[in-house]
Structure formats: C-alpha cells, structure tokens
Amino acid sequence: MNKKGKALAGIFAVLLVGLIVWAVNGIPEPPDVGDTPSQRIVNFDGNTISEEKNGKIIWTVTAENIEMDIDTKDAALINVKAVYNFEDGRTVELKAPKAIYKEKDHHLEITDGVEGKSSDGGKFSCKEVEWLSDKDMLAMKGDAKIEYEKEHIKASGDRIESTNGFTKFKAIGKAHLEKGKKE
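Residues numbered from 1 in each chain as written. Predicted model: local features only at pLDDT ≥ 70, side-chain atom pairs only at ≥ 80, totals over all residues. Heavy atoms only, no water.

1. Concerning the overall build of the chain
Here is the rule we go by: Counting from the N terminus, the helices are DSSP H or I runs at least four residues long and the strands are E runs at least two residues long. Exposure categories follow from relative accessible area, calculated using a 1.4 Å probe and restricted to protein chains: below 20% of the type maximum is buried, above 50% is exposed, and the middle band is partly exposed. Only heavy atoms matter for contacts: two residues are in contact if any of them lie within 4.5 Å across the pair. Per-residue and other accessible areas follow the Shrake-Rupley method at a 1.4 Å probe size, with only the shown protein chains counted as cover for residues.
Counting its regular elements, the chain contains one helix and 12 strands. From first element to last, N terminus to C terminus, the chain shows the α and β order α-β-β-β-β-β-β-β-β-β-β-β-β. Counting only residues that meet the buried cut, the chain has 30% of its 183 residues in that class. Here the contacts in the chain between residues at least 6 apart in sequence split such that 32% fall between residues at least 24 apart. For the chain, the accessible surface area stands at approximately 12400 Å², while carbon and sulfur atoms represent 55% of it.

2. A closer look at the environment of Ala-82
Positionally, Ala-82 belongs in strand E3 (residues 75-85). For the pair Ala-82 and Leu-94, spaced 12 residues apart in sequence, the C-alpha separation works out to 5.1 Å. The contact partners of Ala-82, leaving out residues within four places of it in the chain, are Thr-60, Val-61, Val-92, Glu-93, Leu-94 and Ile-110.

3. With respect to the nonpolar core
For the record, the criterion: Throughout this description, the term nonpolar core refers to a set of buried Ala, Val, Leu, Ile, Met, Phe, Trp, Tyr and Cys residues connected via side-chain atoms within 4.5 Å.
Formed by 31 residues in total, the largest nonpolar core has its most connected members in Leu-77, Tyr-84, Leu-108, Ile-110 and Met-140. Elements that contribute at least two residues to this core include exactly strand E2 (56-69), E3, strand E4 (91-102), strand E5 (107-111), strand E7 (122-126), strand E8 (128-132), strand E9 (137-148) and strand E10 (153-162). Setting aside its immediate chain neighbours within four residues, Leu-77 contacts Ile-49, Val-61, Ala-63, Asn-65, Ile-66, Pro-97, Lys-98, Ala-99, Ile-100 and Tyr-101.

4. Brief notes about the packing of aromatic side chains
Quick reminder of the rule: For Phe, Tyr and Trp, rings pair up if their centres lie within 6.5 Å, where Trp contributes its six-membered ring, and each pair is then called stacked (planes under 30 degrees apart), edge-to-face (over 60) or tilted (otherwise).
The full count for this structure, using the stated rule, is four aromatic pairs. Geometrically, the ring pair formed by Tyr-84 and Trp-131 is tilted, given 5.6 Å between the ring centres and 40 degrees between the ring planes. Pair noted here: Tyr-84 is in strand E3 and Trp-131 is in strand E8, with a separation of 47 residues, a long-range link. Neither residue differs from the other here; Tyr-84 and Trp-131 are each classed as buried. One aromatic cluster is present, formed by Phe-124, Tyr-148 and Phe-166 through successive ring pairs.

5. Re the pairing of E10
Convention followed: Paired strands, as defined in this entry, are two strands with at least two bridges between them according to DSSP.
Across the 10 residues of E10, seven count as buried, placing the element largely inside the fold. Examined bridge by bridge, E9 and E10 share nine bridges and lie antiparallel to one another. Opposite Leu-138, over in E10, you have Ser-162 as the bridge partner. The turn linking E9 back onto E10 is made up of four residues, and His-152 within it adopts a positive phi angle of 60 degrees. Across four bridges, the pairing between E10 and strand E12 (residues 176-179) is antiparallel. Looking at E12, one finds that Lys-154 is bridged to Glu-178.

6. Looking at the pairing of strand E1 (residues 41-53)
Sheet topology places E1 next to E2; 12 bridges connect them, and they run antiparallel. The residue of E2 that forms the bridge with Val-42 is Met-68. Joining the antiparallel neighbours E1 and E2 is a turn of two residues, in which Asn-54 adopts a positive phi near 55 degrees.

7. Side note on unusual backbone geometry
Negative phi values dominate among residues other than glycine, just as trans dominates among peptide bonds. A positive phi is found at Lys-73, a non-glycine position, where the angle reads about 65 degrees. Within the secondary structure, Lys-73 sits in the loop between E2 and E3. Even without glycine at this site, Asp-143 takes up a positive phi of about 55 degrees. For Asp-143, the location among the structural elements is in strand E9.

Below, the structure is given as structure tokens:
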C-alpha cells in the first residue's frame, strides 16, 4: 500500500470512529416504561383507615405514614397499629412495621413481623397477618404463635386462621398445640 492509500485508510478509520461515537452519544434514552402506569400518590402522616360492615367498624388501622394511590385507593402503611372488632365485643390489637391495603377487594395485609394481643388475654406473633374480608377471617402466616396464659393454651403453625378473634382457630402446617395446667 502506498502513502496515499495509507492516509486514506487512516482518515476513513478516524471518520468511522467519530461516526460511531456520535451515533452512540446522539441516540436519546427511551422513556422508562415499567409494568405499572404512572401513579398519582398522596402521602398522609399520622392517619387512620378503617373498614365498616353493616354499620359496624370491622377494623381500624392507624399508621405513622400512609402512601395512597389516588386512582386505585390502594395504600402502603408504615408503623401500623390495627384493631379488629368482633361481634362478642372482644378486640385484637396488632402492631407491625408495614401494611398493605387493596381497595378493590378490601384486602389488608400486615407485614414484617407482627406482635399482638387480644382483649381477653391472648398474645400473638407471626411474620404476617392477612384480613380476608370475603370470609371475615384473620390469618396469621409464617411462624404463627398464640398463647392464652390464663387458659394454659399455646398453639403454633405455619398458618393460623380464625373468624372470631382466635377464640377458636385452625392451625395449619407444622401445627402444635399445648393445652392444660402448668405445673
């Protein structure tokens, strides 16, 4: 190759590199299109949500912070205290770091380690508690434990379900029940 050919090849190589750099830097980023449409969110500090049925309040959840989607009315709650009211007048109070409420099916899930007590002396702990409104049922999930010290009852399981505030309940998966007098 002669000097003229080498010079043309060099100029062509520089132009090619310049064109590639221009093309890469000149292409705009595509807009971020996630699985969810853009959300319109409103924040509330120190607020309460509740569910009512037949004129009676079923549950009330007070949170340090609530983020609610304006369009769906779904909410994410931080540092929650939930109180469930039952027909016989008893209550169950639960505390947890987080909760999620889905307006469409009135589904409330309390998460990230739940501790609780009932007005009749029960103590509860689990990873999550779920309110199933279609069944009027509370379900404790993940390392669920119940203790009624006065009645000398302890129960545990992967899941514990109740429709009456855990006076009667069903333990599911690795279930264990202790009942009787302490010695």
